[in-house]
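Fold and contact review
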Amino acid sequence: MTSPVRTERHDDVLVIVSDNPPVNALGAAVRQGLKDGVEEGLADDAVKAIVIRCDGRTFHAGADITEFGKPPQGPNLPETLDAMEASSKPVVAAIHGTALGGGLEVALSCHYRVAVPSAKLGLPEVNLGLLPGAGGTQRLPRVVGVEKALDMIVFGKPIGAKEAEAIGLVDKLADEDALAETAIAFAKEMAKKDSHPATSARTDKLPDATEVEQIFEDFKQKNHRKIRGFDAPAANIRCIHAAATLPFEEGIKVEREEFMKLMQGDQSKAQRHLFFAERQAAKIDDVPKDTPLIPVKKVGIIGAGTMGGGIAMNFLSAGIPVTMLEMKQEALDRGTGVMQKNYAGNVKRGRMSEEQAKAAMDRLSTTLDYADLADCDLVIEAVFESMDVKKDVFGKLDAHVKDGAILASNTSYLNVDEIAQATKRPGYVLGMHFFSPANVMKLLEVVRGAETRGDVLATVMALSKKIGKVAVVAGVCHGFIGNRMLSPRQREANKLILEGAKPWDIDRVHQEFGMPMGPFQMADLAGLDIGWHRDPNRIESLRDELCAMDRRGQKTGAGFYDYDENRRGTPSQDVEDLIRKWADKEGVEQREISDEQIRERTIYTMVNEGALILEEGMAQRASDIDVVWVYGYGWPRYRGGPMFWADLEGLDTIVGGLEKHADKMPELKMSALLKDKAAKGETFN
Ligand code: 3H9
């Protein structure tokens, strides 16, 4: 097998070039190549300096994640990098694209770093539930200081090359198209020096012993909420603390030990699963990868409400012009006003510059006339959730928008096939279910109708990536993937409170699990009057009565909880009494209900619904369901999504837990797939 690493001579500089598409991951063969390359440079007296660079779209983007959990092969990364750093001849990293994780650790082990301005540098291991395990936690603080290293390592967000230069991580910026030449010239220059700084030997950026503890205390105080529940951030912090307080060799031992612990833990398994799940979700099983896409140069949006405006912002921010249509000018004015405010908020929070925000709004035009949408390549409808209204809109769109344009509905429940029948182009119709706030939430459910064409689906999936969404293909069923799985959970939660569990106990169980909120907090946030018949005299359920009492959720200051002016909820005695009254009325005997029972009745039923979705072919794969729940509903990343979590829990445990409550859940349709897999000892992922 030929090596993905080659060497080239440029006068007295040896250039080691990796070519391991797609991202030059540091697999066994690359590590071997780098090690051999450095040895070649050291063995040849004519070589005075070494440059490390990559072909293709990027510098090394990290260790090869597909190797994790498998028996180790070839030289490991730490020993490869130690040899590089120990070189008596200067080693220069030439960086383009993304130097991430192990990739940045390579660069940190070089004596110098040259980068093009568009390059990004970071240690994102924490996002995989890991830490930089090839010296990164020890070397980065030595190069950029502890405070900057904490920021970069604990949050895993890469920085641009210009910032990297400003903080001393990059020694020289090269022109975009002259990286190799600049790095070679720089290496020649450095070869004239007598000695070269080994990062591990540096202490100049490390803080004084008297300041160290305060820096870590302040950092933890400021950020404890952001990292709650995750194991990796705390482990990363411990390693950086070791870098600041121990000799390099001791710090490396701490790093190794912490790395191994994380690597073997369930959280990292879950987060690595999600890394691949997210990328897998973009693939459509029966649509070839090379399907020609439909160019989308202009987008139409029907409806300037919260949803329509949020959806429009995604395209405007990505440089795609939008025409927004409403029935009345006032609605357009209100909608564009909200968008302006949201953009101003983004500028204030430093998410974009004022010029970028202005350029985005300049791409927006508004209209009251369907004829102005004629030249759109994609139109997304975001109007009131009613089949009649949607059919009317789609009929009009079909009449006015050019042939070959894609028509999408943002419906969260309705039958996309029925909507498609309101047009003469059902092949060009599909669902694009955004999540609120649509300019922020990453998830997009792309609903594939019975007649949706492959190129239409592929176009929308590719476009989703362009506007920064994580898209998942769903089939036509009530509530698609995400909302469909919410429904059995809500049903059981509603029953459980009549049976004796308190709403706040059910919410607590979900929050302790790691969800941002439980079913009753969610109901109060959304508003209890969604779908309410609005007749205060017609009281057929607990929810009707709460609405009639004007306890319609956070917006009215009361729902299942009482709310203060800061929308902080506290348990309500009135609601507790009301629930008891309804239990009596319906003849439900109240009893003590354990947290375990709550979990089994709510979270296990979601897994069962996910299994039904899979067996009906409404999701392409179990990992897609995980992506939906993590990106759309705040399922904790460290639990990998409901199907991955169920695998860890054991599918037989899930089935057993559900069967235990069969008498209380006559509505539950057990998934044959779930039972079958449980019986065979199989998993979903
Ligand atoms: C690490 O380094 C640990 C060390 O500290 C310790 C060692 C001891 N490995 O994202 P894309 C695949 S941990 C294997 O769609 P983009 C990816 O699955 C690592 N495969 O492209 C996909 O495959 P497919 C720390 C990888 O342009 C294809 O490449 N590094 C890896 O949107 C294209 O990826 C990271 O966490 C990998 N490391 O984004 C960085 N990376 O086509 C992880 C990618 O079959 N990577 N693939 O679906 C990224 O963030 C993005 O891939 C990147 C490119 C920004 C580089």
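These numbers come from a predicted model, not from an experiment. Here the residue numbers are simple positions, counted from 1 along each chain's written sequence. It should be noted that, the model being predicted, local features are given only for residues of pLDDT at least 70 and side-chain atom pairs only at 80 or more, the latter also being counted only at that level, while totals for whole chains, interfaces and linings use all residues. As a rule here, side-chain values come from all non-hydrogen atoms in the structure, and water together with hydrogens is ignored.

1. Points about the sheet that holds strand S14 (residues 406-409)
Convention followed: Strands are labelled as partners when DSSP assigns at least two bridges between them. Think of it this way: any DSSP run of H or I at least four residues long counts as a helix, any run of E at least two long counts as a strand, and we number them from the N terminus. A fitted line through C-alpha atoms represents every axis, and for helices the fit uses only the stretch in contact; the resulting angles, taken between N-to-C directions, go from 0 to 180 degrees. Contacts between residues were defined by any pair of non-hydrogen atoms, one from each residue, lying within 4.5 Å.
Strand order in the open sheet formed by eight strands is S12-S11-S10-S13-S14-S15-S16-S17, with mixed pairing between adjacent strands. Each edge of the open sheet is held by one strand with a lone partner, namely strand S12 (364-367) and strand S17 (470-474). Averaged over all neighbouring strand pairs, the angle between strand axes comes to 25°, with direction disregarded. The pairing of strand S10 (residues 299-302) with strand S13 (residues 378-381) spans four bridges and is parallel. Looking across to S13, one finds that glycine 300 is bridged to valine 379. Sitting on the sheet, helix H12 (residues 306-317) is in contact with S10, strand S11 (322-325), S12, S13 and strand S15 (429-434), with an inclination near 170° to S11.

2. Side note on the site of the ligand
Definition in use: Near residues are defined by distance, with any heavy atom within 4 Å of the molecule or strand qualifying the residue. For the purposes of these results, a polar contact is taken to be a pair of N or O atoms within 3.5 Å, where, inside protein, one atom must be able to donate a hydrogen and its partner to accept one; residues adjacent in sequence count only when each atom of the pair is a side-chain atom. Shrake-Rupley sampling with a 1.4 Å probe provides the accessible areas, and residues are treated as covered by the protein chains on show and by no other component. Think of it as three bins: nonpolar holds Ala, Val, Leu, Ile, Met, Phe, Trp, Tyr, Cys and Pro, charged holds Asp, Glu, Lys and Arg, and polar takes everything else, Gly as well.
Taken together, the neighbourhood of the ligand is formed by 26 residues, with Arg57, Glu105, Glu125, Arg279 and Lys283 sitting nearest. At a separation of 2.9 Å, a nitrogen atom of the ligand approaches a polar backbone atom of isoleucine 65. Glycine 102 places a main-chain nitrogen or oxygen 2.8 Å from an oxygen atom of the ligand. Relative to its unbound accessible area of 1000 Å², the ligand is 76% covered by the protein chains. Mapped by element, the contributors of at least two residues to the shell around the ligand are strand S5 (98-100), helix H3 (102-109) and helix H11 (266-281). Broken down by element, the residue count for the shell around the ligand peaks at three residues, all from H11. A per-class count over the shell around the ligand returns 14 nonpolar, five polar and seven charged.

3. A short note on the UniProt feature "domain: 3-hydroxyacyl-CoA dehydrogenase C-terminal" (unreviewed entry) in the protein chain
Going by this rule: UniProt positions are given in the numbering used here, feature names are shortened, and annotations may be inferred rather than shown by experiment.
In this structure's numbering, the residues bearing the UniProt feature "domain: 3-hydroxyacyl-CoA dehydrogenase C-terminal" (unreviewed entry) are residues 479-563 and 600-681. For residues 600-681, the end-to-end C-alpha separation is 20 Å, with 67% helix and 0% strand making up the annotated structure.

4. Examining the nonpolar core
Soluble, globular proteins show a tendency: their nonpolar side chains are buried together. We apply this condition: The criterion is simple. A nonpolar core is a set of buried Ala, Val, Leu, Ile, Met, Phe, Trp, Tyr and Cys residues joined through side-chain atoms within 4.5 Å. Type-normalised accessible area, obtained with a 1.4 Å probe on protein chains alone, sets the label of each residue: buried when under 20%, exposed when over 50%, and partly exposed for intermediate values.
Ranked by size, the top nonpolar core spans 70 residues in total, and within it Ile52 and Leu169 carry the most contacts. Apart from residues no more than four positions distant in its own chain, leucine 169 is found in contact with Leu104, Leu108, Arg113, Leu121, Leu140, Val143, Val144, Met152, Ile159 and Ala164.

5. Describing helix H13 (residues 329-348)
Threshold: For a helix, the expected span equals 1.5 Å multiplied by the residue count minus one.
With 20 residues, H13 extends 28 Å between its outermost C-alpha atoms, agreeing within 8% with the 28 Å of an ideal straight helix rising 1.5 Å per residue. Among the residues of H13, Ala331, Leu332, Gly335, Thr336, Met339, Tyr343, Gly345 and Asn346 are the ones counted as buried. Following H13 by one or two positions, glycine 350 adopts a phi angle in the positive range, close to 75°.

6. Quick notes on the environment of alanine 344
Structurally, the position occupied by alanine 344 is in helix H13. A relative accessible area of 46% places alanine 344 in the partly exposed class. Along the chain, alanine 344 and serine 464 lie 120 residues apart, while their C-alpha atoms are 24 Å from each other.

7. With respect to the packing of aromatic side chains
Aromatic ring pairs are described here by two measures, namely the spacing of the ring centres and the angle between the planes. Filter applied, for reference: Note on aromatic pairs: the rings of Phe, Tyr and Trp (six-membered ring only in Trp) are paired at centre separations within 6.5 Å, and the planes decide the class, stacked below 30 degrees, edge-to-face beyond 60, tilted for the rest.
As enumerated under the stated definition, the model contains 14 aromatic pairs in all. Ring centres 5.8 Å apart and planes at 45° place the aromatic pair phenylalanine 155 and phenylalanine 219 in the tilted group. Of the two residues, phenylalanine 155 sits in helix H5 (residues 146-155) while phenylalanine 219 sits in helix H8 (residues 209-223), which places them 64 residues apart along the sequence. Judged by relative accessible area, phenylalanine 219 falls into the buried class, the value being 9%.

8. Observations concerning unusual backbone geometry
Backbone torsion omega between proline 21 and proline 22 reads 5°, so that peptide bond is classified as cis. Look at the link from serine 436 to proline 437: it is a cis peptide, with omega at -5°. Here aspartate 11, not a glycine, exhibits a phi torsion of approximately 55°, which is positive. As for its position among the elements, aspartate 11 is in the loop between strand S1 (5-10) and strand S2 (13-18). The class of aspartate 11 is exposed, set by a relative accessible area of 57%. In this model, aspartate 550 sits at a positive phi of 65°, which is unusual for a non-glycine residue. Positionally, aspartate 550 belongs in the loop between helix H21 (542-548) and strand S18 (561-563). Since its relative accessible area comes to 39%, aspartate 550 is described here as partly exposed.

9. Description of the side chain of glutamine 271
Considering the arrangement of structural elements, one finds glutamine 271 in helix H11. Aside from chain neighbours lying at most four places away, what touches glutamine 271 is Val126, Asn127, Leu128, Gly129, Phe230, Arg637 and Tyr638.

10. With respect to helix H26 (residues 651-660)
Note the following rule: The arc in question is formed by the directions pointing from the helix axis toward the C-beta atoms.
Among all positions of H26, only Leu651, Ile654, Val655, Gly657 and Leu658 are buried. Buried residues in H26, looked at end-on, bunch into an arc of 160°, giving them a common side. Tucked into the core, H26 has its buried residues touching helix H23 (595-615), helix H25 (642-649) and helix H27 (672-680).

11. Looking at the packing of helix H1 (residues 28-43) against helix H2 (residues 77-85)
Quick note on the threshold: Throughout this description, any angle smaller than 35 degrees is read as roughly parallel, any larger than 145 degrees as roughly antiparallel, any in the 65 to 115 degree range as roughly perpendicular, and the remainder as oblique. Note on convention: the crossing is left-handed when the near helix lies turned anticlockwise from the far helix by less than a right angle, right-handed when the turn is clockwise.
Here H1 crosses H2 at 20°, and the two axes come no closer than 10 Å. With respect to H2, the element H1 is oriented roughly parallel. Of the two elements, H1 crosses H2, and the hand of that crossing is left-handed. When H1 is examined against H2, the residues Arg31, Leu34, Lys35 and Val38 are found in contact with a partner set consisting of Leu77, Glu79, Thr80, Ala83 and Met84. Counted by class, the contact of H1 with H2 contains five nonpolar, one polar and three charged residues.

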